[in-house]
Amino acid sequence: MKNVSCIEKLGVMADCSRDAVYTVEALKKYFSLLAKMGYNTVQLYTEDTYEVDGEPYFGYLRGRYSKAELKELDATAKKNGLELIPCIQTLAHLGGITRWAEYRGITDMGDILLAGEERTYELIERMFRTCAECFTSRRINIGMDEAHMVGLGAYLDKHGYKDRFGILSEHLRRVCEIADKYGFKPMMWSDMFFRLANKGEYYCTESEIPQSVIDLVPENVELIYWDYYSRDKAHYDGMIRAHKQFRNNIVFAGGAMSWIGFAPNNRFGIETCRAAVQSCMENGIEDIFITCWKDDGAECSLYGSLPALFCAAEAARGNTDEGKIKKKFRRLTGADMHTFLAMDLLNLRGGADGMNNPSKYMLYSDPFLGIFDRTAEGRGGEEFAEAKKALAAGEKSARFGYIFKTLAALCDVMEIKYTLGIRTRESYRNKDKEALGAIAGDYKELEKRLNKFYKWFAEQWEQECKPNGFEKHDIRLGGLMQRVRHCRKRLRKYCTGELRSLPELEEEILPFGGKVPGNSVCYNNWTTTAMLKPNM
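Residues numbered from 1 in each chain as written. Predicted model: local features only at pLDDT ≥ 70, side-chain atom pairs only at ≥ 80, totals over all residues. Heavy atoms only, no water.

Trainee: I'm lost on the overall build of the chain in this one. Help?
Mentor: Within the chain, the secondary structure is distributed over 20 helices and 10 strands. Against the compact-globule benchmark of 24 Å for 536 residues, the chain has a radius of gyration of 24 Å, which places it among compact chains. For the chain, the spread of C-alpha atoms along the principal axes amounts to about 75 × 60 × 45 Å. Taking the intrachain contacts of the chain between residues at least 6 apart in sequence as the baseline, contacts between residues at least 24 apart amount to 78%. By element, 50% of the accessible surface of the chain is carried by carbon and sulfur atoms, the whole surface being about 21,200 Å². Taking the average place of the 76 positive charges on the side chains of the chain and the average place of its 76 negative ones, the gap between the two points comes to 5 Å. (Helix = DSSP H or I, 4+ residues; strand = E, 2+ residues; numbered from the N terminus. Rg over C-alpha atoms; globule rule 2.2 N^0.38 Å. Contact = heavy atoms within 4.5 Å. Areas by Shrake-Rupley, 256 points an atom, 1.4 Å probe, with all protein chains shown as cover. Lys, Arg positive; Asp, Glu negative; His and termini not counted. Charge placed at Lys NZ, Arg CZ, Asp CG, Glu CD.)

Trainee: Before we go on, may I ask you to explain the nonpolar core in this structure?
Mentor: Of all hydrophobic cores here, the largest spans 187 residues; its most connected members are Tyr-30, Tyr-39, Phe-128, Tyr-303, Leu-309 and Leu-363. Contact partners of Tyr-303, with chain neighbours within four places excluded, come to Ala-26, Lys-29, Tyr-30, Leu-33, Phe-340, Phe-400, Tyr-402, Ile-403 and Glu-464. (Core = buried A, V, L, I, M, F, W, Y, C linked by side-chain atoms within 4.5 Å. Buried < 20%, exposed > 50% of the residue type's maximum accessible area, 1.4 Å probe, protein only.)

Trainee: Please clarify how a positive patch on the surface should be interpreted in this entry.
Mentor: Together, Lys-444, Lys-448, Lys-489, Arg-492 and Lys-493 make up a positively charged patch on the protein surface. It is helix H19 (residues 470-495) that provides the largest number of residues to the positive patch, a total of three residues. Within the secondary structure, Arg-492 is located in helix H19. For Arg-492, a relative accessible area of 39% corresponds to the partly exposed category. (Patch = residues over 30% accessible without salt bridge, like charges linked within 9 Å, V, L, I, M, F, W, Y side chains within 5 Å. Salt bridge = Lys/Arg side-chain N within 4 Å of Asp/Glu carboxyl O.)

Trainee: Help me understand the packing of aromatic side chains in this model?
Mentor: Each aromatic ring pair is described using two quantities: the centre-to-centre distance and the angle formed by the ring planes. A full pass over the atoms with the stated rule returns 40 aromatic pairs. A ring pair is formed by Tyr-202 and Tyr-203, whose centres lie 4.8 Å apart and whose planes are at 45°; its orientation type is tilted. Taking relative accessible area as the criterion, Tyr-203 reaches 36% and is therefore assigned partly exposed. With a centroid separation of 6.5 Å and 80° between ring planes, the pair formed by Phe-368 and Tyr-443 is classed as edge-to-face. Separated by 75 residues along the polypeptide, Phe-368 in the loop between helix H14 (358-364) and helix H15 (382-395) and Tyr-443 in helix H18 (residues 433-464) bring together distant segments of the chain. The class of Tyr-443 is buried, set by a relative accessible area of 0%. By way of ring pairs, the aromatic residues Phe-193, Phe-194, Tyr-202, Tyr-203, Trp-226, Tyr-228, Tyr-229, Phe-246 and Trp-259 are connected into one cluster. A cation sits over an aromatic face here: Arg-174 above Tyr-121, 4.1 Å from the ring centre. (Phe/Tyr/Trp six-rings, centres within 6.5 Å; stacked < 30°, edge-to-face > 60°. Lys NZ or Arg CZ within 6 Å of the ring centre and 35° of its normal.)

Trainee: Looking at this structure, how should I read the pattern of salt bridges?
Mentor: A side chain with one charge may pair with a side chain of the opposite charge, provided their charged atoms come close. Under the counting rule described, the total for this entry stands at 53 salt bridges. Linking Arg-18 and Asp-15 is a salt bridge whose minimum nitrogen-to-oxygen distance equals 2.7 Å. Asp-15 carries the same exposure label as Arg-18, and that label is buried. Among the ionic pairs, Glu-219 bridges to Arg-247, the shortest N-O distance being 3.5 Å. Of this pair, Glu-219 sits in the loop between helix H8 (211-214) and strand E8 (222-226) while Arg-247 sits in the loop between helix H9 (233-243) and strand E9 (250-255); the two residues are 28 residues apart in sequence, bridging distant segments of the chain. Using a relative accessible area of 42% as the deciding quantity, one classes Arg-247 as partly exposed.

Trainee: Just to check I follow, could you spell out H19 for this structure?
Mentor: Each α-helix turn comprises 3.6 residues. Residues three or four places apart therefore point the same way. Between its first and last C-alpha atoms H19 spans 37 Å; for 26 residues at 1.5 Å apiece the expected length is 38 Å, and the two agree. Three or more residues of H19 are buried, namely Phe-470, His-473, Arg-476, Leu-477, Leu-480, Met-481, Val-484, Cys-487, Arg-488, Arg-490, Leu-491 and Tyr-494. For H19, the elements touching its buried residues are H14, helix H16 (401-417), helix H17 (420-429), H18 and helix H20 (526-529). (Expected span 1.5 Å × (residues − 1).)

Trainee: Help me out: how do you make sense of the pairing of E8 in this one?
Mentor: Every regular strand shows the same layout, with side chains that alternate between the two sheet faces. Of all the five residues making up E8, five are buried; the element is thus mostly covered by neighbouring parts of the structure. Neither face of E8 is exposed, since Glu-222, Ile-224 and Trp-226 on one face and Leu-223 and Tyr-225 on the opposite face are all buried. With H9 bridging E8 and its parallel neighbour E9, the resulting β-α-β unit is right-handed. (Right-handed = clockwise from strand over helix to strand, strands pointing away.)

Trainee: Just checking my understanding: could you explain the side chain of His-243 for this structure?
Mentor: Looking at where His-243 falls in the secondary structure, it is placed in helix H9. At 2.7 Å, the side chain of His-243 and the side chain of Ser-190 are in polar contact. The contact partners of His-243, leaving out residues within four places of it in the chain, are Ser-190, Phe-194, Tyr-202, Tyr-225 and Ile-250. (Polar contact = N/O pair within 3.5 Å; in protein donor to acceptor, adjacent residues only side chain to side chain.)

Trainee: How should I be thinking about the packing of helix H1 (residues 24-37) against helix H11 (residues 306-316) in this particular structure?
Mentor: The relative placement of two packed helices comes down to the angle between their axes together with the axis-to-axis distance. The contact between H1 and H11 brings their axes to 9 Å, and the two run at 30°. The angle between H1 and H11 falls in the class roughly parallel. Taking contact as the criterion, the partners of Tyr-30, Leu-33, Leu-34 and Met-37 in H1 are, on H11, Leu-306, Leu-309, Phe-310 and Ala-313. In terms of residue class, the contact of H1 with H11 is built from eight nonpolar, no polar and no charged. (Axes fitted to C-alpha atoms, helices over the stretch in contact; angles between N-to-C directions. Parallel < 35°, antiparallel > 145°, perpendicular 65-115°, else oblique. Nonpolar A, V, L, I, M, F, W, Y, C, P; charged D, E, K, R; others polar.)

Trainee: Please explain the environment of Arg-485 as it appears in this structure.
Mentor: Residue position: Arg-485 is located in helix H19. With 42 residues separating them along the chain, Arg-485 and Tyr-443 place their C-alpha atoms 7.2 Å apart.

Trainee: Would you take a moment to explain unusual backbone geometry for this structure?
Mentor: Note: most residues except glycine have negative phi, and most peptide bonds are trans. Here Glu-146, not a glycine, exhibits a phi torsion of approximately 55°, which is positive. Structurally, Glu-146 can be placed in the loop between strand E6 (139-141) and helix H5 (154-159). Overall, the relative accessible area of 38% leaves Glu-146 in the partly exposed class. A positive phi is found at Lys-431, a non-glycine position, where the angle reads about 55°. In this structure, Lys-431 sits in the loop between H17 and H18.

Trainee: Teacher, can you tell me more about a nonpolar patch on the surface here?
Mentor: Taken together, the side chains of Tyr-57, Tyr-60 and Leu-61 define a hydrophobic patch exposed on the protein surface, amounting to about 280 Å² of accessible area. Turning to its location among the elements, Leu-61 is positioned in the loop between strand E2 (41-45) and helix H2 (67-79). Judged by relative accessible area, Leu-61 falls into the exposed class, the value being 55%.

Fair warning: the whole summary comes from geometry, so function is off the table for now.
Put into structure tokens, the structure is as follows:
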């Protein structure tokens, strides 16, 4: 890429750990697109989804990449002018392995490894050995983020209470020694140091970092300042100034908003990335990457965030001319920018600060126990019908049509499902059995539409991902279809007099999280949405 700014490294991080492990062929196509956009680095976020010699349970049943596949991806990236950087975890976010008895002895609690245990560092060294063998890059992202409960589980039982940041500091030192042994220069997320300096807070633009905290960070570690949710350039300016108090090189990570469900929020990602990139250019940050996380199931297509990624790359060139950007995007993808942006319409409008995802949480919200129903008050499913019309042009795309067909099928589902719980409860309370009989017909139609959506979503998964991970969606969507069927049968029984009451529909639904009724929210946790006990 020919740079017209201080930005020397511009990258994308692909999440290959949230159930979806993208096929080698899908990633090859993705790499080609990224290179044509002007990106020159890619990070593969792999928690346990890669082969590690001597660790048969590492990535077991998760669709992990073999070493041969990693080498093939590395060679393909290099051929496209991309540096493929391993992005692993060396402390937390390892729930994929901590469930196995093999790793019980080195689990602190939850998904956190047991610091200070020699077996822990044996495992981490084997991770590095795989990365050294399979990647030509000697930069590596070691994670180390969100280990909030470190030292409070098995570590506490074994050693008693210790200063938890002392634990983290010593663990980081050991990991950096291993990285150095294999010739790697590590980078890690910066938030744990900011939380240490600011009583648990990360976003502290005016904070003074104590020297004691600065000294915790080895000088050869690059600090990743991540920030995904602000559209205010001044906010980024302040956080960059705060980061520059450290002696370390600063890398910035923005977000493409690909992690809130089946549909992305490209417009929000474009706005946040543009503000962030402008701030980075003015503040001398030379290394940027855009994260494409896939939280809670990886429902969004690998290619769903192309507009946000494209606009971020253009912003790094200093180009924010909408007309030129749209023409270049069409030349690259064969599709109009506004066609891709139509995916955002499934998130509707009215959310706090531009972020909301009703096409995820209202899909799974129980029709009789609708904890989110108040967010849909005063609205209707016709908004999803309009969204489907806007997606029609995309369905004709030979390259990306399957993504648009998946989302169009979801629009059909949501046209009924969005207000189904509200209409059901209202008619029940009015004792209007005739209306309930008609609504029971909507439940029947919903079952048909869910089956069609399942078909297209399965097709999307097969186009992009290894089979592993889809079992979660079989359970989720299969459970939803069964629940809809069960509720329909109970409605029918009530309408015929076989049931005298439906107690679930008599309970008052409270505003979700104290939010104003009629306003969408952003909530991306299937477990609690489906009314299951969290952390089962």
